[in-house]
Amino acid sequence: MLTVPRRWRRRITITLAVLLVVAGGLFLRNSSTLAGPSKGQRPFLLAHRGIAQTFDLAGVTADTCTARIIHPPQVPFLENTLLSLRAAFEAGADQAEIDVQVTRDGQLAVFHDATLDCRTDGHGTVGEHSLAELRKLDVGYGYTADNGTTFPLRGTGVGLLPTVPEVFAALPDRAFKLDLKRDDPADGDALATFLATLPAARLATVTVTGGDTAVAAVVRRLPQVRAISRAIIKDCLLDYAATGWTGHVPSSCHHRELPLPAHYGQWLWGWPHLFVARMRSADTRVVLVRSVGDWSAGFDTQSDLTDLPDGWSGGIWTNRTDVIAPLLTPRR
């Protein structure tokens, strides 16, 4: 039987003790349980396209016309319209996300889909039409909850497609997240041209998201804008994975907005409360989305909130601010 010399037993014991101390230090430094949730703060509410119609994501593909599969309407609002956005803020939204596409005549139209055929009585893309032509469309034309038997919102959306400047003028002092739907540097430049006209205080409330190329075009001209793209998120999370154990927030994570599926959090140092606090100290907000298969979904019902970490004080992505805001109260 092999006998370990006393001096080696002593060295092994000391090494194990040091490792335990280091492991304990890492745990304490990154323990969200010990940090606890932030008090006096309710979650930040991001209203996805205002207050919008909802639908079941089961079976949805990239080609699905989601206007054809909505739940029976509980609200009269149409996504990305001034009425929808105003209602969201009145219900308690802190920020609203709107979708941006450039028209044939260079206007910044607020519309989501790649084509007009799903939601409207028009055809083709936003970029193939002038703003005047788009104004004639009914953006509520295609919505149905019963497989096309009835179209309860048809006729209610004529002339409701707004532009980004109109949204900012109609809702002053409100925070917006602008989602560039085409990953085209020309679209990023067009948006940057408008954003450059805003006062510094208003620009500070803006977040720009979209494809890497389009967002990079905005950042080149306006580096102070809070910007998010797949590449930016990847850089931040990889850098934080490497250094976050020390409590350090890398510069790639400063002045950002991080949309994260809740189940990703288990891989982040200090998740959830300490992670949120660290990002907040770097002027970065963390916004949780629900995951349904390969798709992101909003927290739209009371039962959805059970997916949130207990005491969550970061952000929440929702299509129904009117439902969710009354359910959230600050911790004391």
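### Let's talk about the pairing of strand β8 (residues 285–292)
Bridge count for strand β7 (residues 257–261) against β8 is five bridges, and the pairing is parallel. When the sheet's bridge partners are listed, Leu 258 is paired in β8 with Val 286. Tracing the backbone out of β7, into helix α10 (residues 273–281) and back to the parallel element β8 gives a crossover that is right-handed. Bridging between β8 and strand β10 (residues 315–318) involves two bridges; their strand directions are parallel. Looking across to β10, one finds that Val 287 is bridged to Gly 315. As defined by bridge partners, β8 adjoins strand β9 (residues 295–297) across three bridges and the pair is classed as antiparallel.

### A few points about the environment of Arg 42
Mapped onto the fold, Arg 42 is located in the loop between α2 (32–35) and β1 (44–48). Overall, Arg 42 belongs to the partly exposed group, its relative accessible area being 26%. A C-alpha to C-alpha distance of 9.3 Å links Arg 42 and Ala 325, two positions 283 residues apart in sequence. One polar contact links the side chain of Arg 42 to the main-chain carbonyl oxygen of Gly 92, over a distance of 2.9 Å.

### Side note on the nonpolar core
Counting 33 residues, the largest nonpolar core has Ile 98, Val 164, Phe 168, Phe 176, Leu 178, Leu 195 and Val 208 as the members making the most contacts within it. Broken down by secondary-structure element, the contributors of at least two residues to this core are α3 (82–91), β2 (95–102), β3 (108–110), α5 (164–170), β4 (175–180), α6 (185–195), β5 (206–210) and α8 (212–221). Ignoring any residue separated from it by four or fewer positions in sequence, one finds Phe 176 in contact with Leu 85, Phe 89, Gln 95, Ala 96, Ile 98, Val 167, Phe 168, Leu 171, Arg 202, Thr 205, Val 206 and Thr 207. One finds Ala 227, Leu 288, Leu 308 and Ile 324 within the second-largest nonpolar core, a separate group that totals 28 residues.

### A closer look at α3
Every buried residue belonging to α3 is among Ser 84, Leu 85, Ala 87, Ala 88 and Phe 89, and all of these are buried. In this fold, the buried residues of α3 make contact with β1, β2, α5, β4 and α11 (321–324). One or two positions beyond α3, positive phi appears at Gly 92, with a value near 125°.

### Here we look at the state of the cysteines
Any covalent bond linking the sulfur atoms of two cysteines counts as a disulfide. A complete count under the given rule lists two disulfides for this structure. Sulfur-sulfur distance for the disulfide between Cys 65 and Cys 118 comes to 1.9 Å. Linking Cys 65 and Cys 118, the disulfide has an S-S dihedral of approximately 85° and is accordingly described as right-handed. With Cys 65 in the loop between β1 and α3 and Cys 118 in the loop between β3 and α4 (131–135), this residue pair connects regions lying 53 residues apart in the sequence. There is no split in this pair, since Cys 65 and Cys 118 are both buried. Between the sulfur atoms of Cys 236 and its disulfide mate Cys 253 the distance is 2.0 Å. One quick way to see it: the torsion about the S-S bond of Cys 236 and Cys 253 is about 105°, and its sign makes the bridge right-handed. Here Cys 236 is found in helix α9 (residues 230–243), whereas its partner Cys 253 is found in the loop between α9 and β7, with 17 residues between them in sequence. The exposure classification of Cys 236 matches that of Cys 253, with both residues buried.

### A look at unusual backbone geometry
The peptide bond linking Trp 271 to Pro 272 adopts the cis configuration, its omega dihedral lying at -5°. With respect to the helices, strands and loops of the structure, Pro 272 is situated in the loop between β7 and α10. Although it is not a glycine, Asn 147 sits at a positive phi angle of roughly 60°. As for its placement among the helices and strands, Asn 147 is situated in the loop between α4 and α5. The class for Asn 147 is exposed, based on a relative accessible area of 74%.

Criteria and cut-off values
- Residues numbered from 1 in each chain as written.
- Predicted model: local features only at pLDDT ≥ 70, side-chain atom pairs only at ≥ 80, totals over all residues.
- Heavy atoms only, no water.
- Pairing = 2+ DSSP bridges.
- Helix = DSSP H or I, 4+ residues; strand = E, 2+ residues; numbered from the N terminus.
- Right-handed = clockwise from strand over helix to strand, strands pointing away.
- Buried < 20%, exposed > 50% of the residue type's maximum accessible area, 1.4 Å probe, protein only.
- Polar contact = N/O pair within 3.5 Å; in protein donor to acceptor, adjacent residues only side chain to side chain.
- Core = buried A, V, L, I, M, F, W, Y, C linked by side-chain atoms within 4.5 Å.
- Contact = heavy atoms within 4.5 Å.
- Disulfide = S-S within 2.5 Å.

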